[in-house]
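Residues per chain are reported as follows:
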Amino acid sequence: MVTRALARLLAVLVAVLVAVLVAVLLTGAALGQDVQMNVPDHATTSKGNNTTQSETNHAVTANGIIAAWNDSSLIAKEGTEASSRLMWRWAKPGGNLFEGGEFLMFPDGLNCLGDPAVVADSAGFFYIMGINEDLAGAGIARTTGTMWPYSFGAAHIIPTQSDTLDKPLMAIDRTGGQYNDRIHLTATFGNDGIVAKNTTSLDPIQFSGWDNISEAFATGSMPAVAPNGDVYAVWQRGKKYEIARSANGGGTWSNPDPGDPAMAKLIATVDPSPIKLKAFDDKDIRANSFPQLAIDSTAAGSPTRGNLYVVYHADPDAAGPDQADVFFTRSITDGKTWSKPRSITSGLAATIGRDLTTNDSFIPAIAVSPVNGHIYVSFWDRREDDPANMKTRLYRALSTDAGQTWNVIPFAAKSFVPVAGFTVGGFTSDGDVSLYWSEYNWITADASQIHFTWSDARNLCESPGGPGSCTPLGRPDPDVYYRDVPNLSGADLFIKPWGAVTGEGPKWKTSYIYVVDASEVKIDAVKGVINHLRARVRNLGTTAANGVTVRFKYGPWFAGLNDAMMKQIGTKSVSLSAAGGATDNVVAEIDWDLTDLTDTNGGKWPSPVSKYAHFCVKVSVEAASDINQSNNIAQTNFFNVDTASTANGPMDFIIAGPDPEDFGNEPADAQVVVSALPPRFGAQVTVEGVTAPAHGFRLEPNELRQATVHFTAPNDFQSDTDVIADITLLLDGSENGGISARLYDSPLDNEPEDTLGATTAPYWEMLPPDRTQQIRGEEGPKYEPPPMRTIPAKVRFRETFAVPYDETYRAVLDALRGMELGPELADEERGLFNTTRRRATQSEIASLTTEEPRREPEADGYFWLSVWLQPRGERETEIGVSAWIGVLDVYVPDGRRLPSNGILEKSVLAAIRGQFGQ
């Protein structure tokens, strides 16, 4: 028997595939390909488990692409003295092949741990940034030219006065205004909160001082620049998401709401998702719910220019199995006010590709097309028929109407299971040493393409085993990928759905469907007469749409979104100009005949029209040329409960069981719930054969039940706002239809027609040309791996033995095995051993380190060692040993390195000495 989860998934995927095929056919674009950016390393026999690439960032110019990511592979070449763990590579325009590239180099003594950020200026120079090994600063470098093959000049170090700097991200002003090409940097300073600074010069790179812009304990910031040059930064602070603004190029920061005395504007308060999510081998991954911010920079004439959009993941209900949904909120008031956050994965806002499972959706990235204002969100999703809630794939959500509706599809070519640990975490007998997986992916948008980079673990460890091979065989191996999609071009028909989808207006109504009298004044629908029904239809796209079919249906209110219960009123044909044209906004007119009060729709309704006082009208807009069909259906309620004087009395309606096309041929757990109402207002619902509708009952597929709602309202009530009662049917916990009944009609509450303003010009044709300079890349500093069989100069603990090289190699191998330290990597050609990692308690870590002034580590930690061999003639071999001692649970892949006091190194040398009988 087909399970409900599978039936739902199949229905969703069929709808998604149809939408994708339509978009491809109409745009003439081929489906993009996932391009692996890093050199394949899942079958290596010389890197051990140092084959992890993750946490991407990138920038794009007319001349090419530079992407960067955290990369563990250098550890296999340089051991504990690895000079970098941030890798970058470049690609020519199109991104079909990534090549060249190096590890980001800092001046001597400062290693780069990762947390990449990349931007490009208006001349075409790229800038790349990563954090220092000691977490007390960051480094930034600029390309030596603006055309491939790219190379970077010497890094400029940005010190801090904090002992922990995390997640430094950059945004660059490309507005052409007063602060054009100014780079803005925000980061987390330990527990002090979010700090910001900006460049004062690009050549040479120089920055202003640090400016604290948040309260304490804020973390995970991201900056973005608005088209007017204002700079915004968003972050998380406990259960709160907040934003601040600088209106003077980063000089000063403040709350964008001048009437709010708080340091920053509160965007949302949420129930955070668990910080740990399931991963491979019963290990967990850390999944911080840091927010991402994008700002619409479409040209003048665009109705969405300057809109601010924020996404994050959070627990949708603080209970139950669903731990993480992706939420979206926006500001159309320059950050002063924000919409109520809505789930764009499992909520009704996902009108195509809604997730009907309770599996996780997490770590979103966001960008907005500067051409047409389309919003793109990528995220990891676990809906694909995996009861264990581990199989993961990158998904894409698209909104072409400023975030009101969303089209969600699988994006990456393959799914995978995440694996914990940056290098060898999770694969030692001591358990997981790191929960690290990735804290962000990245999306950018330009005049032609939307560019996505992300990490996933579709490739499995396939090396043959032994020292130098990844373990365990068959485990997932994280790699990084790139893919682009073109800006959509074509007709984009839009009819505004009801408020449960858009988050605007009454929950189960829309202002786009209404009834008028002979003077075209809006009135309520009436039984027993012919109603003049209207539907507003818009074209948000770049080309005209002719012969568009507008289809009208209606029925007594029912829940379950079951189209089979509705009766067709008729169709109308309309034509619309492209957005910005004279006829991009039209009204379709049709007569709705409710004179036959005995009509039962051929027996599909349990009672005739005369029984019902509430009706639902559904309008669909149909055109083969439509590039996005997620915003082509709207429904609204017509009811005769308008004011307090008419609010009393029962109203009958129908509850319809789950539609087999959406839910499969299995029953659903149903509930009827009523929204909170002011004192002395009431709404009591009864359902035929059900004792307590709010507590739950079972509905078979297509089953019909008669229901009644009794409204009560005080006669002396007065208010500046309407009183709306939302009665909602939940099927298996998800909203699937409802009533919006106005119990009090305020003379002061005028519902806005729309928050998506009119397009005043064809803004997709108004972008300035890309003025990237065609400067051929110059030769820059190159990464040179250390010579074979050479001990790095910084290694302090050494000893020379009167033993030939090959005998010494075998002795070291036996010594490490005897100490149960692996090794993870044994490279005889290079003369390098890397041990496995071992856990250590806080007190153990304290006994292995030396810091002045001495202080206890703030958490448990781990250690691992590298051993180098260097021949000294034919009969002598020098051995060097260095330990990496790290503290766990900080937000960088390898933790914060602590200085060693030599106990570990000396113990290894003693064990090797013992192999020689000394």
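The coordinates are above.
Residues numbered from 1 in each chain as written. Predicted model: local features only at pLDDT ≥ 70, side-chain atom pairs only at ≥ 80, totals over all residues. Heavy atoms only, no water.

Below, the discussion takes up the sheet that holds strand 18 (residues 265-269). On the basis of which strands lie adjacent, the open sheet formed by four strands has the order 15-16-17-18 and antiparallel pairing. Of all the strands in the sheet, the pair left with one neighbour each is strand 15 (219-225) and strand 18. The sheet shows a mean angle of 20° between the axes of neighbouring strands, direction not considered. Pairing analysis gives four bridges linking strand 17 (residues 240-246) to strand 18, with the strands arranged antiparallel. Within the sheet, the bridge partner assigned to Y241 lies in strand 18 and is A268. (Pairing = 2+ DSSP bridges. Helix = DSSP H or I, 4+ residues; strand = E, 2+ residues; numbered from the N terminus. Axes fitted to C-alpha atoms, helices over the stretch in contact; angles between N-to-C directions.)

Counting 62 residues, the largest nonpolar core has Y127, M129, I140 and L293 as its most contacted members. In this structure Y127 touches A117, V118, V119, D121, I140, A141, R142, F152, M170, I183, L202 and I205, once residues within four positions along its chain are discounted. Core analysis: the next-biggest nonpolar cluster, separate from the first, contains 54 residues, A349, Y554, F615 and A623 among them. (Core = buried A, V, L, I, M, F, W, Y, C linked by side-chain atoms within 4.5 Å. Buried < 20%, exposed > 50% of the residue type's maximum accessible area, 1.4 Å probe, protein only. Contact = heavy atoms within 4.5 Å.)

Right, let's get into the state of the cysteines. Working definition: the covalent bond between the sulfur atoms of two cysteines is a disulfide. A full pass over the atoms with the stated rule returns one disulfide. Between the sulfur atoms of C461 and its disulfide mate C470 the distance is 1.8 Å. Note on the C461 and C470 pair: the S-S dihedral is about 100°, so by sign convention the disulfide is right-handed. Take C461 and C470: they sit in the same class, and that class is buried. (Disulfide = S-S within 2.5 Å.)

Now for the pairing of strand 39 (residues 585-593). Residues V586, A588, I590 and W592 point to one face of strand 39 and are all buried, whereas N585, V587, E589, D591 and D593, pointing to the other face, are not buried. In terms of strand pairing, strand 36 (residues 530-539) meets strand 39 through nine bridges, oriented antiparallel. Along strand 39, the bridge assignment pairs H532 with D591.

This part is about the sheet that holds strand 38 (residues 567-576). Taken in spatial order, the four strands line up as 38-37-40-41 in an open sheet, and their pairing is antiparallel. Every interior strand has two partners, whereas the edge strands, strand 38 and strand 41 (633-639), have only one. The average angle at which neighbouring strand axes cross in this sheet is 20°, direction not considered. Where strand 40 (residues 614-622) and strand 41 come together, seven bridges link them in antiparallel fashion. Counted as the bridge partner of F615 is F638 from strand 41.

Take the packing of helix 5 (residues 805-818) against helix 7 (residues 903-915) next. Contact geometry for helix 5 and helix 7: axes closest at 9 Å, N-to-C directions at 120°. Judged on the interaxial angle alone, helix 7 and helix 5 are oblique. Of the two elements, helix 5 crosses helix 7, and the hand of that crossing is right-handed. Facing A811, V812, D814, A815 and L816 of helix 5, the residues of helix 7 in contact are V908, A911, I912 and Q915. Classifying every residue of the contact of helix 5 with helix 7 by side-chain character gives seven nonpolar, one polar and one charged. (Parallel < 35°, antiparallel > 145°, perpendicular 65-115°, else oblique. Left-handed = near helix turned anticlockwise from the far one by under 90°. Nonpolar A, V, L, I, M, F, W, Y, C, P; charged D, E, K, R; others polar.)

Attention shifts here to helix 5. With 14 residues, helix 5 should reach 20 Å at 1.5 Å per residue; the first-to-last C-alpha distance of 20 Å fits that figure. Buried within helix 5 are the following residues: Y805, T808, Y809, A811, V812, L813, A815 and L816. On its buried side, helix 5 packs onto strand 50 (825-827), strand 51 (832-834), strand 53 (861-871), strand 54 (877-887) and helix 7. Phi for E820, located one or two positions after helix 5, is positive at around 55°. (Expected span 1.5 Å × (residues − 1).)

Below, the discussion takes up a negative patch on the surface. A cluster of acidic side chains, namely D806, E807, E828 and E829, defines a negative patch on the protein surface. By the secondary structure assignment, E828 is in the loop between strand 50 and strand 51. Judged by its relative accessible area of 36%, E828 falls in the partly exposed class. (Patch = residues over 30% accessible without salt bridge, like charges linked within 9 Å, V, L, I, M, F, W, Y side chains within 5 Å. Areas by Shrake-Rupley, 256 points an atom, 1.4 Å probe, with all protein chains shown as cover. Salt bridge = Lys/Arg side-chain N within 4 Å of Asp/Glu carboxyl O. Lys, Arg positive; Asp, Glu negative; His and termini not counted. Charge placed at Lys NZ, Arg CZ, Asp CG, Glu CD.)

Now for unusual backbone geometry. Look at the link from D203 to P204: it is a cis peptide, with omega at 5°. In this structure, P204 sits in the loop between strand 12 (193-202) and strand 13 (205-207). In this structure, P472 follows T471 across a cis peptide bond, with omega equal to -10°. Following the sequence through the fold, P472 ends up in the loop between strand 31 (449-460) and strand 32 (476-486). You will see that D334, though not glycine, has its phi angle at about 60°, which is positive. Of note, D334 is situated in the loop between strand 23 (325-331) and strand 24 (342-343). The class of D334 is partly exposed, set by a relative accessible area of 37%. At N702, a residue that is not glycine, the phi angle is positive and equals roughly 65°. In this structure, N702 sits in the loop between strand 45 (697-699) and strand 46 (704-712).

Time to look at the side chain of S620. Checked against the element boundaries, S620 lands in strand 40. In this structure S620 comes out as buried when scored by relative accessible area, which is 12%. Contacts of S620, omitting those with residues within four sequence positions, involve T549, V550, R551, N632 and I633.

Before going further, it helps to examine the pattern of salt bridges. This model, assessed by the stated rule, comprises 31 salt bridges. The salt bridge partner of R913 is E799, with a shortest N-O separation of 2.8 Å. Within this pair, whereas R913 is found in helix 7, its partner E799 is found in strand 49 (residues 797-801), the two being separated by 114 residues in sequence. Judged by its relative accessible area of 26%, R913 is partly exposed. When salt bridges with common partners are traced through the structure, they connect D34, D456, R458 and R483 into a single cluster.

Under the counting rule described, the total for this entry stands at 31 aromatic pairs. Plain terms: the ring middles of Y376 and F452 are 6.3 Å apart, the flat faces sit at 80° to each other, and that makes the pair edge-to-face. Linking Y376 in strand 27 (residues 375-381) with F452 in strand 31, this pair joins segments that are 76 residues apart in sequence. Among the residues examined, F452 registers a relative accessible area of 1% and is labelled buried. Chaining the aromatic ring pairs together yields one cluster made of Y376, F411, F452, W454 and Y481. Over the ring of Y805 we find R789; its NZ or CZ atom is 4.0 Å from the centre of that ring. (Phe/Tyr/Trp six-rings, centres within 6.5 Å; stacked < 30°, edge-to-face > 60°. Lys NZ or Arg CZ within 6 Å of the ring centre and 35° of its normal.)

Tracing the chain through its elements places T160 in the loop between strand 9 (156-159) and strand 10 (165-172). You can call T160 buried: its relative accessible area is 14%. A distance of 3.1 Å separates a polar side-chain atom of T160 from the backbone oxygen of A136. Not counting residues up to four positions away in its chain, the partners in contact with T160 are A136, G137, L165, F189 and W210. (Polar contact = N/O pair within 3.5 Å; in protein donor to acceptor, adjacent residues only side chain to side chain.)

Here helix 7 spans 19 Å end to end across 13 residues, near enough to the 18 Å set by a 1.5 Å rise per residue. Listed as buried for helix 7 are L904, E905, V908, L909 and I912. The buried residues of helix 7 occupy one face: seen down the axis, they fall within an arc of 135°. Residue G917 follows helix 7 closely and has a positive phi angle near 75°. (Arc of directions from axis to C-beta.)

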